[in-house]
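Breakdown of the fold
Here are the chains, one letter per residue:
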Amino acid sequence: MCGIVGYVGSQSALDVVMAGLKRLEYRGYDSAGVAVLADGGLAAAKKAGKLVNLEKALVEGPLPTGSTGVGHTRWATHGGPTDGNAHPHLDNAGRVAVVHNGIIENFAVLRAELAERGHELTSETDTEVVAHLLAEEFSATGDLAEAMRLVCRRLEGAFTLVAVHADAPDLVVGARRNSPLVVGVGEGEAFLASDVAAFIAHTRSAIELGQDQVVELRRDGVTVTGFDGRPAEVRSYHVDWDASAAEKGGYDYFMLKEIAEQPKAVADTLLGRIDPSGSLTLDEVRISPQELREVDKVVIVACGTAFHAGLIAKYAIEHWTRMPCEVELASEFRYRDPILDGRSLVIAISQSGETMDTLMALRHAREQGSKVLAICNTNGSTIPRESDAVLYTHAGPEVAVASTKAFLTQLVACYLVALYLGQVRGTKWGDEIQAVIRDLSRISEEVDRVLETMEPVRALARTLAAKDTVLFLGRHVGYPVALEGALKLKELAYMHAEGFAAGELKHGPIALIEEDLPVVVVVPSPRGRSVLHDKIVSNIQEIRARGARTIVIAEEGDEAVVPYADHLIRIPATPTLLQPLVATVPLQVFACELATARGNEVDQPRNLAKSVTVE
Ligand code: M6R
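Small disclaimer: the values here were computed from a predicted structure and weren't measured.

As a further point, take the UniProt feature "domain: SIS" (unreviewed entry) in the chain. In this numbering, the UniProt entry assigns the feature "domain: SIS" (unreviewed entry) to residues 288-427 and 460-605. Taken end to end, residues 288-427 is 46% helix and 20% strand, and its two terminal C-alpha atoms sit 17 Å from one another.

As structure tokens, this is what we get:
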């Protein structure tokens, strides 16, 4: 939520910051703004709407050239998406500019105090108080970093703050608590951003900031301290992808590119997981095999698409380890007082590694003494850093708000974790594990084959653009796939879409079926448990008899469904538990094409942001 960029160096700060904001626009696109230090003063511009509005405003009213600046692209929390609420926020004298991601929970109290001291606050945001407090502390100390530390100690909530002051040239100061901020270090220049994508075109050398730390960026170096002023340990790392990975690469949308990247993402996530003896190895697992043997239940916490990956993981974990596995929406988890102890293994799944609901759930789990294993796509992000172990998905940067390749790689990672648990607990033989790994290794090619046959799915989607509702049905692992298909359609096409367990239909939802209502049905393999397959074929007949237009996703060779499918989408035959890896792909393509046909913004659907860093 919200993208932040800061720069100090010898290039035009405005150019660097605007290019960085372009890369971070996926984090929020309600409004955008920039501020640069130039000619002994501070100049700012901000505009409601997408970055393009700000670009136009800067053409009409150019800012002076400076080499120190900050920028922001917003996902509104406090105050609507107006010019006035856009960041940066300035103090009354216009000497300090601040950009913010997160929520300052005690802003009302601070605002009242500032008003009493004669400050005039003009926006509806929580952020503006910080600009005024920083101005006060800077005039008392003459030190922007110290001013930031003093202010941060008074703030409650989650925040990333980045500020510049006209009287502190060549300096950018940032701070973070429970909200992402990374530092990029170049030759004679330095960067601050919510995500490395903002500066990857300039440097791949990055520094992780810890909780409650303040960073000072100068041309010749970076200083990090705690909010208490003590020097902090600096952890540097090398970003292992380059600028081209964050570009559209000839596709109209990032989402299309990311759908197409899935075969590689799946293959990359499997790479290096099997050691020469045939045993599975995972990244940074700081949980001993003995501790894993003592685990008596697994609890998965995640949100949105990652939650659907967790629902699928449950089938694999319970089947391969014979251990109970609960899956919970991270936003609900800590509020229901879950039963956890040192024998529970909590798995937190998150593409971004910054989702606040998931972060809070994992912190709660650790407070109860449980070990936490993160499945994450973003190196150095908060969720893996606060977990006991991490398995990285190697999907590469996912920019489109709708999650696609991250989902498939989360599934691969979940299967690996399930197998690993089976390995250390002895519930799966080595040859059985290797057989599943061989099946997983073939999936990349199968996904490729699915992608090659998507034109009829796109054509079908275009014919449904005027529909109001699409329903999705599935059984077993096909049920979470149905939920994921519905989520994609909601978030991209803004249509009423719902996923159901096919067996539940007769308990109420079947009343929704009417003439020509499109219903997508994910059919399990007839080679798995035939009873499952037979039941869903009956379900298809039931809805068809009531007028539904059936869109059936079934594996090659499944002839039983043919008479009941108004539209048939074929997927390669896979082992039952792995079917979601191929069955989800047509649903991604379907949603993307329907959104396009309805004239929606595919990469930046309304009201959403890629990384949800508020609860
Ligand atoms: O970064 P995370 O995986 O933690 O994000 C979780 C959800 O916000 C995310 O999957 C969301 O549901 C997607 N936009 C769905 O496409």
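Still to come is the rest of the account.
Around the ligand there are 14 residues in total, and Ser350, Gln351, Ser352, Thr355 and Glu491 lie nearest to it. Take Ser350: an N or O atom from its side chain is 2.6 Å from an oxygen atom of the ligand. Within the backbone of Val401, a nitrogen or oxygen atom sits 2.9 Å from a nitrogen atom of the ligand. Considering the ligand on its own, with 420 Å² of exposed area, one finds that the protein chains cover 90% of that surface.

Moving on: the pattern of salt bridges. Tallying each qualifying case throughout the model produces 41 salt bridges. Of the charged contacts, one joins Arg117 and Glu113 as a salt bridge, the two residues approaching to 3.9 Å between their closest N and O atoms. A salt bridge links Glu216 to Arg218; its shortest N-O distance comes to 3.2 Å. Arg218 sits in the partly exposed class, given a relative accessible area of 32%. Put simply, Glu113, Arg117, Glu136 and Arg154 are held in one network by salt bridges that share partners.

The UniProt record marks Cys2 and Lys610 with the feature "active site" (unreviewed entry), using the residue numbering of this structure. These annotated residues cover 609 residues of sequence, and their C-alpha atoms all fall within 9.3 Å of one another, placing them together at a single site. Annotated residues from the preceding list that form part of the lining of the largest cavity: these are Cys2. Relative to the elements of secondary structure, Cys2 occurs in the segment before β1 (3-8). In this structure Cys2 comes out as buried when scored by relative accessible area, which is 6%. Excluding anything up to four places from it in sequence, Cys2 contacts Arg27, Gly28, His72, Thr73, Arg74, Trp75, His100, Asn101 and Ser194. Tracing the backbone shows Lys610 in the segment after α18 (580-597). Sequence-distant contacts of Lys610, that is, excluding residues within four places in its chain, are made with Tyr26, Arg27, Gln351, Glu398, Val399, Ala400, Val401, Ala402 and Ser403. A polar contact is formed between the side chain of Lys610 and the side chain of Glu398, at a distance of 2.6 Å.

Now for the packing of aromatic side chains. One pass over the full model with this rule turns up four aromatic pairs. Judged by centre distance (5.1 Å) and plane angle (45°), the ring pair of Tyr7 and Phe191 falls under tilted. Residue Tyr7 is located in strand β1, and its partner Phe191 is located in strand β10 (residues 189-193); the two are separated by 184 residues in the primary sequence. In this pair, the class of Tyr7 matches that of Phe191, namely buried. Put simply, the rings of Tyr7, Phe191 and Phe199 pair up and form one aromatic cluster. Note that Arg606 overlies the ring of Tyr494, its terminal NZ or CZ placed 3.9 Å from the centroid.

Summed over the entire model, instances satisfying the criterion amount to three cavities of 30 Å³ or more. Considered as a void within the structure, the largest cavity measures approximately 60 Å³ in volume. Among the elements that line the lining of the largest cavity, the one with the most residues is strand β6 (residues 96-104), at three residues. Here the lining of the largest cavity is composed, by residue class, of three nonpolar, eight polar and two charged. By volume, the second largest cavity is sized at about 50 Å³. The wall of the second largest cavity is formed by Leu282, Val285, Ile287, Leu292, Leu345, Leu373, Val417, Tyr420 and Leu421. Per element, the largest residue contribution to the lining of the second largest cavity is three residues, and it comes from helix α13 (residues 405-425). The class makeup of the residues in the lining of the second largest cavity is nine nonpolar, no polar and no charged.

This brings us to helix α7 (residues 262-270). Within α7, seven of the nine residues are buried, which leaves it mostly tucked inside the rest of the structure. Within the span of α7, buried status applies to Gln262, Pro263, Ala265, Val266, Asp268, Thr269 and Leu270. Packed against the buried residues of α7 are α6 (254-260), β19 (389-392), α13, α14 (430-452) and α18. A positive phi of about 70° marks Gly272, the residue just after α7.

This next bit is on the domain arrangement of the chain. Frequently, the measure chosen for interface size is the accessible area that the parts lose on association. Domain parsing of the chain yields domain 1 (3-247), domain 2 (260-443) and domain 3 (453-597). Each of domain 2 and domain 3 has a C-alpha centre, and the two are 27 Å apart. Opposite the 22 residues of domain 2 that make contact, domain 3 presents 19 residues. Taken together, the links from domain 2 to domain 3 amount to zero salt bridges. Joining domain 2 to domain 3, the criterion identifies seven residue pairs in polar contact (both at pLDDT 80 or more). For the side of domain 2 that touches domain 3, the secondary structure elements donating two or more residues are α9 (304-321), α13 and α14. The element that contributes the greatest number of residues to the side of domain 2 that touches domain 3 is α9, accounting for nine residues. In terms of residue class, the side of domain 2 that touches domain 3 is made up of 14 nonpolar, seven polar and one charged.

Cut-off values and rules
Residues numbered from 1 in each chain as written. Predicted model: local features only at pLDDT ≥ 70, side-chain atom pairs only at ≥ 80, totals over all residues. Heavy atoms only, no water. UniProt positions renumbered as here; feature names shortened; annotations may be inferred. Helix = DSSP H or I, 4+ residues; strand = E, 2+ residues; numbered from the N terminus. Near = heavy atom within 4 Å. Polar contact = N/O pair within 3.5 Å; in protein donor to acceptor, adjacent residues only side chain to side chain. Areas by Shrake-Rupley, 256 points an atom, 1.4 Å probe, with all protein chains shown as cover. Salt bridge = Lys/Arg side-chain N within 4 Å of Asp/Glu carboxyl O. Buried < 20%, exposed > 50% of the residue type's maximum accessible area, 1.4 Å probe, protein only. 1 Å grid on protein atoms, 1.4 Å probe; cavity = no way out; pocket = protein on both sides within 12 Å on 5 of 7 lines; lining within 4 Å. Contact = heavy atoms within 4.5 Å. Phe/Tyr/Trp six-rings, centres within 6.5 Å; stacked < 30°, edge-to-face > 60°. Lys NZ or Arg CZ within 6 Å of the ring centre and 35° of its normal. Points joined across faces, edges and corners; volume = space filled by probe spheres on them. Nonpolar A, V, L, I, M, F, W, Y, C, P; charged D, E, K, R; others polar. Domains from an automatic or database assignment.

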